[in-house]
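Structure at a glance
So the chains spell out like this:
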Amino acid sequence: MTRLARRFTTFTVLLALLVLGCGWLWPGLVRAADVHAPIRTLVLYDAPAAGVDGNRLGKAYAIMLRNLLGHWDTTVELLPMQRYTAGKLDGYDATFYLGSHYDLPVPSAFLLDARDTRKTVVWFKYKLWQHDSQPGADFNTRRGFAVQRIRGLNALPSASQPRPGFFSHVTYKGRVLRKFYDYNTTTGTVSADPDVGVITISDPARVQTLVYIDNPATGEQLPYVVRSGSFWYVADLPLSFIGPGDRYLVLCDLLHDMLGVKAETARQRALVRFEDVSELVVPANARQLADVLHERRIPYGIAVIPRLRDPLGAYHQGTARDIPFAEARSLKAALGYMLPRGGRVVAHGWTHQYGTLRNPSTGVSGDDYEFWDMTRNRPVPEDSTAWALDRVDQAVAELGKGPYKPFAFEAPHYQASPKAYAAIRQRFPVTWGRLVYYTSDTPDLDPKNPDRDFAVGQFFPYVIRQDHYGNKVLPENLGNIQYDLSSITMSAGTPQLAADLLEHAANAKVVRDGFASFYFHPFWLSPGFRRPGLKDFKAVIDGIDALGFVWADPVAL
């Protein structure tokens, strides 16, 4: 066995940018989550000693899996594998082991318990071969398969051959889902997670191969997910480098079977939200978009920025502006038209910017971060639950208790510190969008620090009842229509067109309980941009309809 993973970037989760069909149901394992007690789950993760580069990587993965398990009525315990004690998995309905580090020893107690238990065990990626060192060394005999080696890149990349290929394509329910890969020819850095466990099946009568993975460059195919009785093996870690067309969706769907639960609804649903609606909104644009959805009887969210601030005068000819909601005529005109036509208010921060700084763009509401210092990639100096709670309360107070009262909160640019998330949770039981999760409450993301924390961005293909922070999260998994804005703002994001969003929606169909959820900026209808915003918006709505999704009222989820 070789450790190719050491040559590559250890971990990157793609913050996929503004990025159900039937599955298998096993006899005797289906349970109705709304009838039984919560499903008890244990998530074990690798935790190398302090000072080892990437020592908190395993916890980052564990948080991500914990979030997905929060889609169901579950209790979830996260535990470093090195603290496992004999018999512990007997107290859980399902145990998941995230093998993220190649050669970190697995306690003998867990190897023996996992080999012999009739409880559900799901093992990911590395170190299954450590069973061979145990007394009797008969894992293969008992389970009918083994993993004794790893396959990575077909060859080391170079300037002349930047994409040598690897096992990268997973076909699932008719969709080809691809693992992410990027090679920087200047630095020689690979951003990918190419390693997969090579599964050797000795007893096909006992082992079900549920999913395969292909190596397009060599034409080879390997089992990707196998199941032997109550024991599951997934050949890689589908929580790394996630995106809307990634094998991550396979895990999101198969968790139904791993937990033995039915889909919560036979319908696959859709959500849409209008983003960054502030005093800068053009009421005529808002009216056109509201009419499109009202004619189709589609309810929708409105991410409202209550207070407009432009402390540096970037949008007002050098004159600083501060417009509270009470004086926001354009915003109130837009909301006055949209709310009776299916709009539901979401508080999108208070000012959606931070003080008088460019954080990192213009300092204007809607452009910059509010609960995170993006210029230094760390919490703001004032970071505390009390400081963040004051801003949340200011947003609630400005919008008031009448028709503008928000039902959910959305952190600006989907990013806030753990302390800010704690504040948000005190006032709002629901968040909508994607969140960033950290491996500590006081994150240190300095890449020069071997004990650095990880920040992982995660999207969800379904509703999460309770995430790592205790939030109920409404999904946003498609991204948004994004034309090229690089000449206007630093936070422009990667361009995405209507066709890209519909491709993401088609991928989302592989997930039971799955959603097609996106957002749209009303400013794309402004003539100055010279973009087909209204046409493309209608195309996404009609395309999601054609795929069979049913539009949901976000307030009712």
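Above this text sits the structure in question.
Residues numbered from 1 in each chain as written. Predicted model: local features only at pLDDT ≥ 70, side-chain atom pairs only at ≥ 80, totals over all residues. Heavy atoms only, no water.

1. Quick look at the packing of helix H7 (residues 385–399) against helix H8 (residues 418–427)
One way to put it is that H7 packs onto H8 with a least axis distance of 8 Å and a crossing angle of 45°. Here H7 lies oblique to H8, going by the angle between them. Viewed along their axes, H7 and H8 form a crossing whose handedness is right-handed. Here Thr385, Ala388, Leu389, Val392 and Asp393 of H7 lie close against H8, whose contacting residues are Lys419, Ala420, Ala422, Ala423, Ile424, Gln426 and Arg427. For the contact of H7 with H8, the residue count by class is 7 nonpolar, 2 polar and 3 charged. (Axes fitted to C-alpha atoms, helices over the stretch in contact; angles between N-to-C directions. Helix = DSSP H or I, 4+ residues; strand = E, 2+ residues; numbered from the N terminus. Parallel < 35°, antiparallel > 145°, perpendicular 65-115°, else oblique. Left-handed = near helix turned anticlockwise from the far one by under 90°. Contact = heavy atoms within 4.5 Å. Nonpolar A, V, L, I, M, F, W, Y, C, P; charged D, E, K, R; others polar.)

2. Here we look at the packing of aromatic side chains
The full count for this structure, using the stated rule, is 33 aromatic pairs. Between Trp123 and Phe231, the aromatic rings sit 6.5 Å apart at their centres with planes inclined by 35°, giving tilted as the arrangement. Of this pair, Trp123 sits in strand S4 (residues 120–125) while Phe231 sits in strand S13 (residues 231–234), placing them 108 residues apart in sequence. A ring pair is formed by Tyr437 and Tyr469, whose centres lie 5.1 Å apart and whose planes are at 20°; its orientation type is stacked. Of this pair, Tyr437 sits in strand S21 (residues 435–438) while Tyr469 sits in the loop between strand S22 (455–458) and strand S23 (472–474); the two residues are 32 residues apart in sequence, bridging distant segments of the chain. The same class applies to Tyr437 as to Tyr469, namely buried. Among the aromatic side chains, those forming a connected cluster through ring pairs are Tyr84, Tyr97, Phe110, Trp123, Phe139, Phe145, Phe231 and Tyr233. A cation sits over an aromatic face here: Lys509 above Phe549, 4.9 Å from the ring centre. (Phe/Tyr/Trp six-rings, centres within 6.5 Å; stacked < 30°, edge-to-face > 60°. Buried < 20%, exposed > 50% of the residue type's maximum accessible area, 1.4 Å probe, protein only. Lys NZ or Arg CZ within 6 Å of the ring centre and 35° of its normal.)

3. Details of H7
Between its terminal C-alpha atoms H7 stretches 21 Å, which fits the 21 Å expected from 15 residues at 1.5 Å a residue. Taken residue by residue, H7 has Trp387, Ala388, Leu389, Arg391, Val392, Ala395, Glu398 and Leu399 as its buried positions. Tucked inside the fold, the buried residues of H7 contact strand S15 (300–304), strand S18 (343–347), strand S19 (408–409) and H8. Positive backbone phi, approximately 80°, marks Gly400, located one or two places after H7. (Expected span 1.5 Å × (residues − 1).)

4. With respect to the pairing of strand S6 (residues 169–172)
Covered by surrounding structure in S6 are Val170 and Tyr172 only, the residues His169 and Thr171 on the alternate face being uncovered. Examined bridge by bridge, S6 and strand S7 (residues 175–178) share 4 bridges and lie antiparallel to one another. Counterpart to Thr171 in the pairing with S7 is Val176. Between S6 and S7, which pair antiparallel and follow one another directly, the connecting turn spans 2 residues, one of which, Lys173, has a positive phi of 50°. Of the pairings in the sheet, the one linking S6 to strand S11 (residues 208–215) comprises 2 bridges and is antiparallel in character. If you follow His169 over to S11, its bridge partner there is Asp214. (Pairing = 2+ DSSP bridges.)

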